[in-house]
Amino acid sequence: MNNVELTYTNKYIPLSREELIEKLKKALTQSRFEHVLRVEQMAIELAKKNDVDVEKASVAGLCHDYAKQRPDDNFIELIKKYRLDDILLQYGNAIWHGEVGYLLVQNELGVTDIDILNSIKHHTTGAKYMSKLEQIVYMADYIEMGRDFPGVEEARDITFNDLADGVAYQTKHTLQFLISSNKPVYPKTIDTYNEWVNGSNIK
Ligand code: GDP
Ligand code: FE
Ligand code: FE
């Protein structure tokens, strides 16, 4: 499950891919670590299909859930330290690990590329504006080969046919899920819906 052959140039992260993988292994549970390897692989495939830099896709895919296992206190401190929007305090790890966690990728792993950082920041909720890389990480997380939910095959087909349609499909289905389970919807998720699903013809 680790058959990616890539030598990093150090343009995006001051680590080799092997060093990054060692850090991720320490930061994550085994199952989460295996998930990030699958997200990397899917992000690379989508990058090739959509003319996006494969090394950026690899770094972003590997780092997207870097903060997933941090305790809540860690995120609350960061929200206060960086004076982030107070509304974040009404949510939890599901929103914080991307929306706040990208700062840990910047501070601890040394990633400075804003496109990679934004793709980590927006990987859970999407955003009104998403670069190709951001769309790729958002979709790779949803359709990586370990995902097994009703509709995942359809989501893969749609995404490989048209990346933006994939974004619309995921956004619509995630919002339907949140509403059906009476969960709070983060405002950025609604912005994503209005930009990407409104007027789209996906089912
Ligand atoms: P993972 O980190 O690989 O498990 O995947 P994600 O980062 O995409 O999602 C983490 C969780 O956030 C999932 O359970 C989503 O359903 C949930 N989620 C996505 N958008 C929202 C939102 O607007 N509000 C809330 N409360 N949860 C959300
Ligand atoms: Fe995540
Ligand atoms: Fe993930």
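Thresholds, definitions, all that
- Residue positions are counted from 1 within each chain, in the order its sequence is given.
- As a convention, the first chain written is A and the first ligand written is 1, with the rest following in written order.
- The predicted origin of the model limits local features to residues at a pLDDT of at least 70 and limits the giving and counting of side-chain atom pairs to 80 or more, whereas totals for whole chains, interfaces and linings rest on all residues.
- Neither water nor hydrogens contribute to the side-chain values; these are computed over all heavy atoms in the structure.
- Donor criterion used throughout: N, O or S atom within 2.8 Å of the metal, extended to 3.2 Å for Na, K and Ca. Water excluded; incomplete-looking sites may result.
- Residue burial is assigned from relative accessible area. The probe radius is 1.4 Å, only protein chains are included, and a residue is buried under 20% of its type maximum, exposed over 50%, and partly exposed in between.
- Numbering goes from the N terminus for both helices and strands, where a helix is a DSSP run of H or I of at least four residues and a strand is a run of E of at least two.
- Convention adopted: a line fitted to C-alpha atoms gives each axis, helices being fitted over their contacting stretch, and angles between N-to-C directions are expressed from 0 to 180 degrees.
- For this classification, under 35 degrees means roughly parallel, over 145 means roughly antiparallel, 65 to 115 means roughly perpendicular, and everything else is oblique.
- Should the near helix be turned counterclockwise from the far one by less than a right angle, the crossing is left-handed, whereas a clockwise turn marks it as right-handed.
- Contact between two residues is taken to exist if any of their heavy atoms lie within 4.5 Å; hydrogens are not considered.
- Note that Gly is not counted as nonpolar here; it falls among the polar residues with everything else outside the nonpolar set of Ala, Val, Leu, Ile, Met, Phe, Trp, Tyr, Cys and Pro and the charged set of Asp, Glu, Lys and Arg.
- If even one non-hydrogen atom of a residue comes within 4 Å of a molecule or strand, that residue is called near it.
- By the criterion applied in these results, polar contacts are pairs of N or O atoms within 3.5 Å in which, for protein atoms, one can donate a hydrogen and the other can accept it, and in which residues neighboring in sequence qualify only through two side-chain atoms.
- Note on areas: Shrake-Rupley, 1.4 Å probe, and residue coverage restricted to the protein chains presented here.

S.K.: Before we go on, may I ask you to explain the coordination of the iron ion (ligand 3) in this structure?
M.R.: As a benchmark, a tetrahedral metal site with four donors has ideal angles of 109.5 degrees, while an octahedral site with six donors has ideal angles of 90 or 180 degrees. Coordination of the iron ion (ligand 3) by the protein comes from His35 (NE2), His64 (NE2), Asp65 (OD) and Asp141 (OD), over a distance range of 2.2 Å. Counting gaps between the donor residues of the iron ion (ligand 3) yields the pattern H-x28-H-D-x75-D. Overall, the relative accessible area of 0% leaves histidine 64 in the buried class.

S.K.: Is there a simple way to think about the coordination of the iron ion (ligand 2) in this case?
M.R.: Those donors, Asp65 (OD), His97 (NE2) and His123 (NE2), are the protein atoms that reach the iron ion (ligand 2), and they lie 2.1 to 2.2 Å from it. Sequence spacing of the donor residues for the iron ion (ligand 2), all on one chain, is D-x31-H-x25-H. Here the iron ion (ligand 2) and the iron ion (ligand 3) are spaced 3.5 Å apart, and both take aspartate 65 as a donor. Of the two residues, aspartate 65 is situated in the loop between helix H3 (54-63) and helix H4 (72-81) and histidine 123 in the loop between helix H7 (114-121) and helix H8 (132-143); the sequence distance between them amounts to 58 residues. The buried category is assigned to histidine 123, whose relative accessible area is 2%.

S.K.: Help me understand the packing of helix H2 (residues 30-49) against H3 in this model?
M.R.: Geometry of a packed helix pair, given as the angle between the helix axes and the separation of the axes. In contact at an axis separation of 8 Å, H2 and H3 are set at 155° when each is read in the N-to-C sense. Considering their axes alone, H2 and H3 lie roughly antiparallel with respect to each other. Seen from above, H2 lies across H3 with right-handed handedness. Side by side, H2 and H3 meet where Val36, Leu37, Val39, Glu40, Ala43, Ile44, Ala47 and Lys48 of the first sit next to Val54, Ala57, Ser58, Gly61 and Leu62 of the second. Its residues assigned to classes, the contact of H2 with H3 shows nine nonpolar, two polar and two charged.

S.K.: Would you take a moment to explain the site of ligand 1 for this structure?
M.R.: Neighbouring residues of ligand 1: 18 residues in total, closest Lys68, Thr124, Pro184, Tyr186 and Thr189. In this structure, an oxygen atom belonging to ligand 1 sits 3.0 Å away from a side-chain N or O atom of arginine 32. Threonine 189 is positioned such that a nitrogen or oxygen atom in its side chain is 2.7 Å from an oxygen atom of ligand 1. When ligand 1 sits alone it has 590 Å² of accessible area, and the protein chains cover 81% of it. Split into classes, the residues belonging to the shell around ligand 1 amount to seven nonpolar, six polar and five charged.

Taken by themselves, the reported measurements are silent on function.
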